[in-house]
Amino acid sequence: MDFRPLHDRVLVRRVEADEKTVGGIIIPDTAKEKPQEGEVVAVGTGTRAEDGKVTPLDVKAGDKILFGKWSGTEVKIGGEELIIMKESDILGIVA
């Protein structure tokens, strides 16, 4: 992929939602909520302080993350739907 986010931006691939509940009920597409979990695809260089120093981001490509329901901007890159968000929109890294 030929895309690199700038500064404190992160490119995220959303994790697919489950098709069934634990009890075996199949969830139709119209009733599914978009998952708030994803995998970091690419990260920017980091935030730049007033003195010019760059602080690298805490997340890296390959990290599994949780993010807010309304976080980021959905984009289509190379035929794949991805999300660009600020690092501050990320709630945490899933271990």
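Parameters and conventions
- Residues numbered from 1 in each chain as written.
- Predicted model: local features only at pLDDT ≥ 70, side-chain atom pairs only at ≥ 80, totals over all residues.
- Heavy atoms only, no water.
- Helix = DSSP H or I, 4+ residues; strand = E, 2+ residues; numbered from the N terminus.
- Buried < 20%, exposed > 50% of the residue type's maximum accessible area, 1.4 Å probe, protein only.
- Contact = heavy atoms within 4.5 Å.
- Pairing = 2+ DSSP bridges.

A. Spatial organisation of the overall build of the chain. Of regular secondary structure, the chain possesses zero helices and eight strands. Helices and strands appear in the chain in the N-to-C order β-β-β-β-β-β-β-β. Residue burial in the chain is summarised as follows: out of 95 residues, 25% are buried. When contacts within the chain are restricted to residue pairs at least 6 apart in sequence, long-range pairs at least 24 apart make up 61% of them.

B. Highlighting unusual backbone geometry. At His-7, a position not held by glycine, the phi torsion is positive, near 50 degrees. With respect to the helices and strands, His-7 occurs in the segment before β1 (9-14). His-7 sits in the partly exposed class, given a relative accessible area of 47%.

C. The pairing of strand β5 (residues 64-67), seen in detail. By the alternation rule, side chains of β5 split into Ile-65 and Phe-67, which are all buried, and Lys-64 and Leu-66, of which none is buried. Of the pairings in the sheet, the one linking strand β2 (residues 37-43) to β5 comprises three bridges and is antiparallel in character. The residue bridging Glu-39 from the neighbouring strand is Lys-64, located in β5. In the sheet, β5 pairs with strand β8 (residues 90-94) via four bridges, with the strands oriented antiparallel. In the sheet register, Lys-64 faces β8, and the bridge partner there is Val-94.

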